[in-house]
Amino acid sequence: MEPRGVSVSAVLPAGGSGERLGGTTPKQFCAVQGRPLVSYAVRAMERISWISDIIVVVSSENIATMKTIIEKYGHKRVTVVEGGVTRHRSIFNGLKVFAEKEFSSHLLQKPEVVIIHDAVRPFVEEDILSKVVMAAKEHGAAGAIRPLVSTVIASAADGCLDHSLERARYRASEMPQAFLFDVIYEAYQQCTDYDLDYGTECLHLALKYCKTNAKLVEGTTDLWKVTYKRDLYAAESIIKDNLSQEVCVITDAKETAAQVGFLLSESLKSQIKVEAVSISQSKCDSHLQNILSGQCYNFVCVNVHLDTSENNSFSIGVEELTSIKKFARETKKKNILVYGLLIQYKAWGCKRPPDVILFMSLIKRKYPEEIGPNRLRNRKLTDSNYK
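Residues numbered from 1 in each chain as written. Predicted model: local features only at pLDDT ≥ 70, side-chain atom pairs only at ≥ 80, totals over all residues. Heavy atoms only, no water.

Peer 1: Whenever I open this one, the pattern of salt bridges confuses me. Can you help?
Peer 2: Pairing between side chains of opposite charge can happen when their charged atoms approach one another. One pass over the structure, following the stated rule, counts eight salt bridges. Of the charged contacts, one joins Arg 89 and Asp 197 as a salt bridge, the two residues approaching to 2.8 Å between their closest N and O atoms. Note that Arg 89 is positioned in helix 3 (residues 87-96) and Asp 197 in helix 6 (residues 193-198), a separation of 108 residues in sequence. The salt bridge involving Arg 121 is made with Asp 118; its shortest N-O contact spans 2.9 Å. (Salt bridge = Lys/Arg side-chain N within 4 Å of Asp/Glu carboxyl O. Helix = DSSP H or I, 4+ residues; strand = E, 2+ residues; numbered from the N terminus.)

This is the structure:
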C-alpha cells in the first residue's frame, strides 16, 4: 500500500558498538548468510519506490566500511552520514542533511515525513512502513508497538520486588517510527544535552517538545531487534526460510524458451512467490541488474532444447551452458542461488508444463551443504519425458 501525496525519506541509525552481542564487530556489520546485517535493512528500504532517500548514520571509523557495503551490494539512494556519540545525536545528524547546508556538501530535498528505523531490524515490510507514514502524516508522529512478552517489575532499594506493572495496559515500543519532518527536527533542536545523551525514545521527544501525541500502530512479529548473538542465529533462520519462498524464472528471449518459462512459473505460483522474466541471458543489462538486487533470492534459468528428430539423445550448445555459468558466477557475488533448468522435448509433442516437483524439492530443501546461500549449485536437469 503506497502512501499517496506525501514525500518520504528514511534515517537508519547504525552507530552502535554491539557490546551486548560480544566480539569486536559491531552487530550491524556482522555477517548473516554472508551479508552484513545493515545491508538487509537498507535493502528493505530501497525496495520501496516511494522512499526517496535512505540515510545511514555510522560512527566515523565505520564510514569507509559502510561505503564499501553500498558499493558491493549495489545499494541505491543511500547517503552515509557520520554519527554522534549517542543514538539521539546520530539520528539528529541524519536529519541535518535535509536542513543544514553546512552539515552536508549536498543538501537533500526535505521530505514531508521521515521514517526512523534501526539498522539492526532487517525484516521490516512495506505494509507496516506505509501504516506508520500515513499515521504520522495525520497525527504528526507514529510508531509500531508490540504486546509485552514478559511482565515488567520494579525492584526496591534492597533488591526485593517493589511492584509490577499490569502487562495488558502496556506495550513495547518498536521500530519503524515516522514523523512529520518539521516536528521531529524541531524536537531535536530543542533537546537538552541530557536528552541527547541519555534518551532513547524518539516518540517521547516529539511529545515533550512539540506536544505531538504519537499514533501507535500494531506491528508484526518480525520487527524485533538483533541485540544478542542468539538473535543472529534467529535472523539467519528467517533468511533461510525466505530463500525458499521466492524465485525468479528467467528465460532466453527466444519464443520457445519464454513459453516454457511461462508454463513453469504458472505451475509454481500456487506453491511459491514467482516472478517471470524473459531476457537474453548472455547480456548483462540494467534490467537484469535490477532483478539481481530486487526481491527474488532464487533464480531458475530456463534453456530449452528443441528436438525435432526421432533421436532421444540430449544435447545443448556450449554457448547456452556458458551463459548460465556466467550468470551463476555474477549472482554468487550477491549471495543468490541459481538453478539451471535444461529441458528437452519434441517440438510437436509438448502439451504440458515441466514437472515442478523435482525443482520444488531443490528449492525447499534446507541442507546447507547442498543449497546454502554461501554455496551455489548449477543444476543441470534433463527431462526426456516430454515428447
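Peer 1: How do you make sense of the environment of Val 6 when you look at a structure like this?
Peer 2: Along the chain, the position of Val 6 falls in the segment before strand 1 (8-13). Val 6 gets classed as buried once you look at its relative accessible area, which sits at 12%. (Buried < 20%, exposed > 50% of the residue type's maximum accessible area, 1.4 Å probe, protein only.)

Peer 1: So what exactly am I meant to see when it comes to the packing of aromatic side chains here?
Peer 2: Describing an aromatic ring pair means giving the distance of the ring centres and the angle of the ring planes. On inspection of all chains with the given rule, the structure shows six aromatic pairs. Geometrically, the ring pair formed by Phe 181 and Tyr 185 is stacked, given 5.5 Å between the ring centres and 15° between the ring planes. Of this pair, Phe 181 and Tyr 185 both sit in helix 5 (residues 181-190), four residues apart, which is roughly one turn of the helix. Under the relative-accessibility criterion, Phe 181 is labelled buried at 1%. Taken together through their ring pairs, the aromatic side chains of Phe 92, Phe 98, Phe 181, Tyr 185 and Tyr 188 make up a single cluster. Directly above the ring of Tyr 40 sits Arg 35, whose terminal nitrogen or CZ lies 5.7 Å from the centroid. Between the NZ or CZ atom of Lys 96 and the centre of the ring of Phe 92, over which it lies, the distance is 4.4 Å. (Phe/Tyr/Trp six-rings, centres within 6.5 Å; stacked < 30°, edge-to-face > 60°. Lys NZ or Arg CZ within 6 Å of the ring centre and 35° of its normal.)

Peer 1: Any chance you could explain the pairing of strand 10 (residues 171-180) here in plain terms?
Peer 2: Regular strands show a simple pattern: their side chains alternate between the two faces of the sheet. Here four bridges tie strand 6 (residues 113-116) to strand 10, and the two strands are oriented antiparallel to one another. Residue Val 113 lies in a different strand from strand 10, and its bridge partner there is Leu 180. Alignment of strand 7 (residues 141-147) against strand 10, held across six bridges, turns out to be antiparallel. Bridge assignment links Ala 142 to a residue of strand 10, and that residue is Ala 178. (Pairing = 2+ DSSP bridges.)

Peer 1: Looking at this model, I keep getting lost on the sheet that holds strand 7. Mind explaining?
Peer 2: The strands that make up a sheet are held in pairs by hydrogen bonds between backbone atoms, and each pair lies either parallel or antiparallel. Overall, mixed pairing links the seven strands, which are arranged 5-4-1-6-10-7-11 in an open sheet. This sheet does not close on itself; its edge strands, each paired only once, are strand 5 (78-82) and strand 11 (215-218). The sheet shows a mean angle of 25° between the axes of neighbouring strands, taken without regard to direction. Sitting on the sheet, helix 1 (residues 37-46) touches strand 1, strand 4 (51-58), strand 5 and strand 6, and the angle it makes with strand 4 is about 160°. Each of strand 6 and strand 10 is contacted by helix 5, which is oriented at about 110° to strand 10, the strand it contacts most. (Axes fitted to C-alpha atoms, helices over the stretch in contact; angles between N-to-C directions. Contact = heavy atoms within 4.5 Å.)

Peer 1: Sorry, what's going on with the nonpolar core here?
Peer 2: Inside soluble globular proteins, nonpolar side chains tend to come together where they are buried. In terms of nonpolar packing, the biggest core is built from 38 residues, with Val 38, Met 45, Ile 51, Val 56, Met 66 and Ile 115 touching the most fellow members. At the level of secondary structure, the elements contributing two or more residues to this core comprise strand 1, helix 1, strand 4, helix 2 (63-72), strand 5, strand 6, helix 4 (126-139) and strand 7. No other element matches helix 4, which puts six residues into this core. Apart from the residues lying within four places of it in its own chain, the contact partners of Met 45 are Ala 10, Leu 12, Ile 51, Ile 54, Arg 77, Ile 115, His 117, Val 124 and Leu 129. (Core = buried A, V, L, I, M, F, W, Y, C linked by side-chain atoms within 4.5 Å.)

Peer 1: Help me out: how do you make sense of the packing of helix 5 against helix 7 (residues 202-210) in this one?
Peer 2: Geometrically, a packed helix pair is captured by the angle between its two axes and the distance between the axes. The geometry of helix 5 relative to helix 7 is characterised by a closest axis approach of 9 Å and an angle of 80° between their N-to-C directions. With respect to helix 7, the element helix 5 is oriented roughly perpendicular. Residue-level contacts link Val 183, Ile 184, Glu 186, Ala 187, Tyr 188 and Gln 190 of helix 5 to Cys 202, Leu 205, Ala 206, Tyr 209 and Cys 210 of helix 7. (Parallel < 35°, antiparallel > 145°, perpendicular 65-115°, else oblique.)

Peer 1: Please clarify how helix 2 should be interpreted in this entry.
Peer 2: At 3.6 residues per turn, the α-helix brings residues three or four places apart onto the same side. Of the residues making up helix 2, those classed as buried are Met 66, Ile 69 and Ile 70. Projection of helix 2 onto a plane perpendicular to its axis shows the buried side chains occupying an angular sector of 100°, all on one side. Looking at helix 2, the residues exposed on the side facing more than 90 degrees away from the buried face are Ala 64, Lys 67, Glu 71 and Lys 72. Considering only its buried residues, helix 2 is in contact with strand 3 (35-36), helix 1, strand 4 and strand 5. One or two positions beyond helix 2, positive phi appears at Gly 74, with a value near 65°. (Arc of directions from axis to C-beta.)

Peer 1: How do you make sense of helix 1 when you look at a structure like this?
Peer 2: In terms of burial, helix 1 is largely enclosed, as ten of its ten residues are buried. Here helix 1 has its buried residues at Leu 37, Val 38, Ser 39, Tyr 40, Ala 41, Val 42, Arg 43, Ala 44, Met 45 and Glu 46.

Peer 1: Please clarify how the environment of Gly 140 should be interpreted in this entry.
Peer 2: Along the chain, Gly 140 falls in the loop between helix 4 and strand 7. Judged by relative accessible area, which is 5%, Gly 140 ranks as buried. Remark: the alpha-carbon pair of Gly 140 and Ala 178, spanning 38 residues in sequence, is separated by 8.3 Å.

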